[in-house]
Amino acid sequence: MSISLATTMDFAFLAFLFPSLWEIEVAFAASVFVILAYRFFTFRTGDLNADRSLLDNSTATDAADDKEKIALKGDSQASSAYLIKLELLAAKNLIAANLNGTSDPYAIITCGNEKRFSSMVPGSRNPMWGEEFNFSVDELPVKINVTIYDWDIIWKSAVLGSVTVPVESEGQTGAVWHTLDSPSGQVCLHIKTRKLSANTSRMNGYGGANTRRRMPLEKQGPTVVHQKAGPLQTIFDLHPDEVVDHSYSCALERSFLYHGRMYVSAWHICFHSNVFSKQMKVVIPFEDIDEIRRSQHAFINPAITIILRMGAGGHGVPPLGSPDGRVRYKFASFWNRNHALRNLQRTANNFHKMLESEKKESAESELRAHSSSVRRSDILDKVPEASMPKTGKLQPFIKEEALVGIYNDVFPCTAEQFFNLLLNDDSKFTSKYRSIRKDTNLVMGQWHTAEEYDGQVREITFRSLCNSPMCPPDTAMTEWQHHVLSPDKKNL
């Protein structure tokens, strides 16, 4: 009796340790299902229009090509001769990409190096947009490509059709229906082209996503010490001297919230998300922003809405539409919405102040160039006056009472050798000194003659560490250097 009881307990113990045949079959079937589902998703994601979809690498793919062209052509807007206004009015009879017989269409308009995204119209094969997009080109003729995509939550966007429209001269075409290169579909466009005046600049509102910095002529050719690339360079391929001033964890509103991270620099607002292996990159230049306002998502989630000006279009992913024709991006799920809103509005105000200062500086330089040309013509007409010595006195660069002695010694070299060794444009002393102090983003301007001071001056900007607990981690610094070398080159 005791033997049979022990045998029964042993079998029960072994049955507990080893799975039954039914459990093995269920586990095997589940494994096969997971493998097949993974292969199906992987192949569909790779095959569904991988060549023509522009969502995943919309910013990084074109920025490398644009960078070379910008380097060869300089500031494209400064030399742009024509402004093209394209109105995306509507489309009809588009392909049904969804299972319910509808599509979620949006358009990507490309002209030269500039690209714009229209808003997405959910659940429609006959979308109505009524949105305007501005493009600046150097010369005519040019070709404008309009490609319509179907937005998908998880998969890459499928192409519903595209059309290329040539623009050969000034004028307007009126509302014209263009047939797409697909089994079905047409798009209605209204294109107006006009010539820009010679002094029209991107600050007047004809800019776009590829705007780069403009520097005065006397400040061009600085010695830039590049630091380690940050997220703005590795993710969005922006200019090496752009740094992240603020970053926030937030979500971009679409059919559901795509969670990611927002990066804010002095020139752009960038957002990156990678949900279900669907990457989205949004790069919004501050010059395209018309308004930044607080809003709500689902009545309980505080959000920030960024409204772009007319003609700017979206950047990176399709934006949300508005009744007034301006497109917008909405970001929610901030840890502190009000703090992020204040920083975004402050950065936008600083950007517009910088544009105003550039405009003022440009006007002053043109005035100085005009006055100098007039002065030269007067000198040529009045040769005897040119030989008279000037009696005007230049103002001092710094007051003598503000100077403080910190070191006094005799060096075995001349004043000219001392300057060439430590302070010349080719000297590495300043960059090494700032590197030891752990200063970052060093930009050294070249020595140039100042009209209001004797000798030469140069500007040095960098970001310096701040060790005070009441300060931010680092702060922007600007240093002006001034030197006067005597005619015999013995006194500096």
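In the block above lies the structure referred to throughout.
Please read all numbers here as calculations on a predicted model, not as lab measurements. Per chain, residues are indexed from 1 in the order of the written sequence. Totals for whole chains, interfaces and linings use all residues, but because this is a predicted model, local features are given only for residues with pLDDT of at least 70 and pairs of side-chain atoms are given and counted only at 80 or more. With hydrogens and water set aside, each side-chain value is computed from the structure's full complement of heavy atoms.

Section: the overall build of the chain
Stated precisely, the cut-off is as follows: Under the DSSP-based scheme used, a helix requires at least four consecutive residues in state H or I and a strand at least two consecutive residues in state E, with every element numbered from the N terminus. The buried label goes to any residue with under 20% of its type's maximum accessible area, the exposed label to any with over 50%, and the partly exposed label to all in between, with areas taken from a 1.4 Å probe on protein chains only. Note on definitions: a residue-residue contact is assigned when non-hydrogen atoms from the two residues lie within 4.5 Å. Residue-level accessible areas treat just the shown protein chains as cover; the underlying method is Shrake-Rupley with a 1.4 Å probe.
In terms of regular secondary structure, the chain is built from eight helices and 20 strands. Counting only residues that meet the buried cut, the chain has 37% of its 492 residues in that class. Sequence-distant contacts in the chain: of pairs separated by 6 or more residues, those separated by 24 or more amount to 60%. Carbon and sulfur atoms form 58% of the exposed surface of the chain, whose accessible area is close to 29300 Å².

Digging into unusual backbone geometry
Backbone geometry follows two general trends: most residues other than glycine have a negative phi, and most peptide bonds adopt the trans configuration. In the segment running from leucine 140 into proline 141, the intervening peptide bond is cis, with an omega of 5 degrees. Note on placement: proline 141 falls in the loop between strand 4 (128-137) and strand 5 (142-150). Backbone geometry places asparagine 93, a non-glycine residue, at a positive phi of 55 degrees. Positive phi values are uncommon outside glycine, yet serine 333 reaches one of about 65 degrees. Tracing the chain through its elements places serine 333 in the loop between strand 16 (328-332) and helix 5 (337-381).

A short note on the nonpolar core
Spelled out, the test is: Take the buried Ala, Val, Leu, Ile, Met, Phe, Trp, Tyr and Cys residues and link them wherever side-chain atoms come within 4.5 Å; each set so joined is a nonpolar core.
One finds Met262 and Phe331 to be the most contacted residues of the largest nonpolar core, which totals 36 residues. Residues contacting phenylalanine 331, with those up to four places away along its chain left out, are Cys250, Ala251, Leu252, Met262, Phe271, Ala303, Ile304 and Ile306.

Observations regarding the packing of aromatic side chains
The test is simple: Stacked, tilted and edge-to-face are the three classes applied to pairs of Phe, Tyr and Trp rings, where Trp contributes its six-membered ring and a pair requires centres within 6.5 Å; stacked means planes under 30 degrees apart, edge-to-face means over 60, and tilted covers the rest. Our definition puts a charge over a ring when NZ of Lys or CZ of Arg is within 6 Å of the ring centre and also within 35 degrees of the ring normal.
Throughout the structure, instances matching the rule amount to eleven aromatic pairs. Judged by centre distance (6.2 Å) and plane angle (70 degrees), the rings of tyrosine 248 and phenylalanine 334 are edge-to-face. Of this pair, tyrosine 248 sits in strand 10 (residues 246-253) while phenylalanine 334 sits in the loop between strand 16 and helix 5; the two residues are 86 residues apart in sequence, bridging distant segments of the chain. Ring plane angle 55 degrees and centroid distance 5.4 Å describe the contact between phenylalanine 271 and phenylalanine 331, whose orientation is recorded as tilted. With phenylalanine 271 in strand 12 (residues 268-275) and phenylalanine 331 in strand 16, the pair connects residues that are 60 residues apart, well separated along the chain. Classification of phenylalanine 331 by relative accessible area gives buried; the value is 1%. A cation over a ring is seen here: lysine 92 above tryptophan 177, with NZ or CZ 4.4 Å from the ring centre.

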